[in-house]
Amino acid sequence: MAGTQDPRDNPVAINVVPLVDVIFCLCVFFMCSFKFRQLEGRFDTWLPKDRGIPDSQQPFVPLPSEIRVAMLFDEASGVVTRKFGSRNVPDDADLERSLRTAQDAWTEKGVQAAPLTIDADPRIAWSEVTTVVNLAKRIGIANVEFAMGRPPVARGSGR
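All residue numbers here refer to positions counted from 1 along the written sequence of the relevant chain. Given that the model is predicted, a residue must reach a pLDDT of at least 70 before its local features are reported, and side-chain atom pairs must reach 80 or more before they are shown or counted; all residues, however, enter totals for whole chains, interfaces and linings. Side-chain metrics in this entry use all non-hydrogen atoms of the structure; hydrogen atoms and water are not considered.

Let's shift gears to the overall build of the chain. Helix and strand counts for the chain come out as three helices and five strands. Put simply, the chain runs from its N terminus to its C terminus through helices and strands in the order α-β-β-β-α-β-α-β. Expressed as a percentage of the 159 residues in the chain, the buried residues total 19%. Note on contacts: a residue pair qualifies if any of its non-hydrogen atoms lie within 4.5 Å across the two residues. When contacts within the chain are restricted to residue pairs at least 6 apart in sequence, those whose partners lie at least 24 apart make up 62%. Each accessible area is a Shrake-Rupley result for a 1.4 Å probe, and residues are judged covered by the shown protein chains and nothing else. Here the chain has roughly 13400 Å² of accessible surface; of this, 59% comes from carbon and sulfur atoms. By the criteria applied, helices consist of DSSP H or I runs no shorter than four residues and strands consist of E runs no shorter than two, each listed in order from the N terminus. Relative accessibility under 20% of the residue-type maximum defines a buried residue, over 50% an exposed one, and the middle range a partly exposed one, all with a 1.4 Å probe and only protein chains included.

Written out as structure tokens, the structure is:
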């Protein structure tokens, strides 16, 4: 007969129904007590400690205006124009003097690593940009940043 078993095969009879009931009750308990973490409205960020809003213990020292060199390209004449602030800087010596003056102003305010932002037109040769970077390194400006200018206009788009 197919349904009969030999009692010697299973000497100890274990009833698993109460065990399943207990496991089911534990699962329901843990599912009801589980709290979902709300991710909306909270972002984990790692911000630099030396920039931004200062601590309440430290006095707020306003920084001078940024050190920015704009490099513009005149397509009609093929000439690169360098501007420090709103002033045209024709040669390297004048640009170096302007950068040194701005660096000294930052140092007087207590900022040792003043950033220099170079805003260059994408059509300018890299040799022109590296000349400005080399001038900054010669003065001692170690923090050189590049501004992302407007994207170049596609030829034939009519803009």
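Read on for the rest.
A few words now on the pairing of strand S4 (residues 116–120). One face of the sheet, then the other: side chains in a regular strand alternate in exactly this way. With five bridges joining them, strand S1 (residues 67–74) and S4 adopt parallel strand pairing. Along S4, the bridge assignment pairs Met71 with Ala120. Two strands form a pair only when DSSP identifies at least two bridges running between them. When S4 meets strand S5 (residues 144–146), the two strands line up parallel, connected through three bridges. Bridge assignment links Leu116 to a residue of S5, and that residue is Val144. Crossover handedness is defined by viewing with both strands directed away from the observer: a clockwise path from the first strand over the helix to the second marks the crossover as right-handed. Taking the sense of rotation as the criterion, the β-α-β connection linking S4, helix H3 (residues 126–139) and S5 turns out right-handed.

All right, on to the packing of aromatic side chains then. To pair, rings of Phe, Tyr and Trp, with the six-membered ring standing in for Trp, must have centres within 6.5 Å; the planes then decide the type, stacked if under 30 degrees apart, edge-to-face if over 60, and tilted in the middle. Applying the stated rule across the entire model yields one aromatic pair. Judged by centre distance (5.3 Å) and plane angle (65°), the ring pair of Phe29 and Phe30 falls under edge-to-face. Of the two residues, Phe29 and Phe30, both sit in the exposed class.

This part covers the nonpolar core. The set of buried Ala, Val, Leu, Ile, Met, Phe, Trp, Tyr and Cys residues whose side-chain atoms join them within 4.5 Å is what this entry labels a nonpolar core. The biggest cluster of nonpolar side chains holds 21 residues, and the ones touching the most others in it are Ile67, Val69, Leu99, Leu116 and Ile118. Only S1, helix H2 (92–108), S4 and H3 provide two or more residues apiece to this core. It is H3 that contributes the most residues to this core, six residues altogether. Residues within four places of Leu116 in sequence aside, it is in contact with Ile67, Arg68, Val69, Leu99, Ala136, Ile141, Asn143, Val144 and Glu145.

Here we come to the side chain of Asp121. Mapped onto the fold, Asp121 is located in the loop between S4 and H3. Only 2.9 Å separates the side chain of Asp121 from the backbone nitrogen of Arg123, close enough to count as a polar contact. Apart from the residues within four sequence positions on either side, Asp121 is in contact with Met71 and Phe73. Under the rule applied, a polar contact is a pair of N or O atoms within 3.5 Å (in protein, one hydrogen donor and one hydrogen acceptor; residues adjacent in sequence only if both atoms are side-chain atoms).

As a further point, take the pattern of salt bridges. Just to be clear on terms, a salt bridge is a Lys or Arg side-chain nitrogen sitting within 4 Å of an Asp or Glu carboxyl oxygen. Applying the stated criterion across every chain, the model contains eight salt bridges. Here Asp94 ties to Arg97 by a salt bridge, and the two come within 3.6 Å at their closest N and O atoms. Linking Asp94 with Arg97, this pair stays in helix H2, spanning three residues, or about one helical turn. A cluster of three or more residues bridged by salt bridges with shared partners is formed by Glu75, Asp121 and Arg123.

In the contact formed by H2 and H3, the axes pass within 10 Å of each other and the chain directions differ by 45°. Taken together, the axes of H2 and H3 are oblique relative to one another. H2 and H3 meet at a crossing whose hand is right-handed. Packed against H2, whose contacting residues are Asp92, Leu95, Glu96, Leu99, Arg100 and Gln103, the element H3 presents Thr131, Val132, Leu135, Ala136, Arg138 and Ile139 at the interface. By the convention adopted, Pro, Cys, Tyr, Trp, Phe, Met, Ile, Leu, Val and Ala count as nonpolar, Lys, Arg, Asp and Glu as charged, and the other residues, Gly among them, as polar. Considered class by class, the residues forming the contact of H2 with H3 number six nonpolar, two polar and four charged. Comment: axis = line fitted to C-alpha atoms, over the contacting stretch for helices; angle = value between 0 and 180 degrees taken between N-to-C directions. Small angles under 35 degrees read as roughly parallel and large ones over 145 as roughly antiparallel, with 65 to 115 read as roughly perpendicular and the rest as oblique. For any helix crossing, the convention is left-handed if the near helix is rotated counterclockwise from the far helix by under a right angle, and right-handed if that rotation is clockwise.

The subject of this paragraph is the pairing of S1. As judged from the six bridges shared by S1 and strand S2 (residues 79–84), these two strands associate in the antiparallel manner. Within S2, the position partnered with Ala70 by the bridge is Lys83. Between S1 and the antiparallel strand that follows it, S2, lie four residues; Gly78 among them carries a positive phi value of about 75°.

Read these as spatial facts, not as claims about activity.
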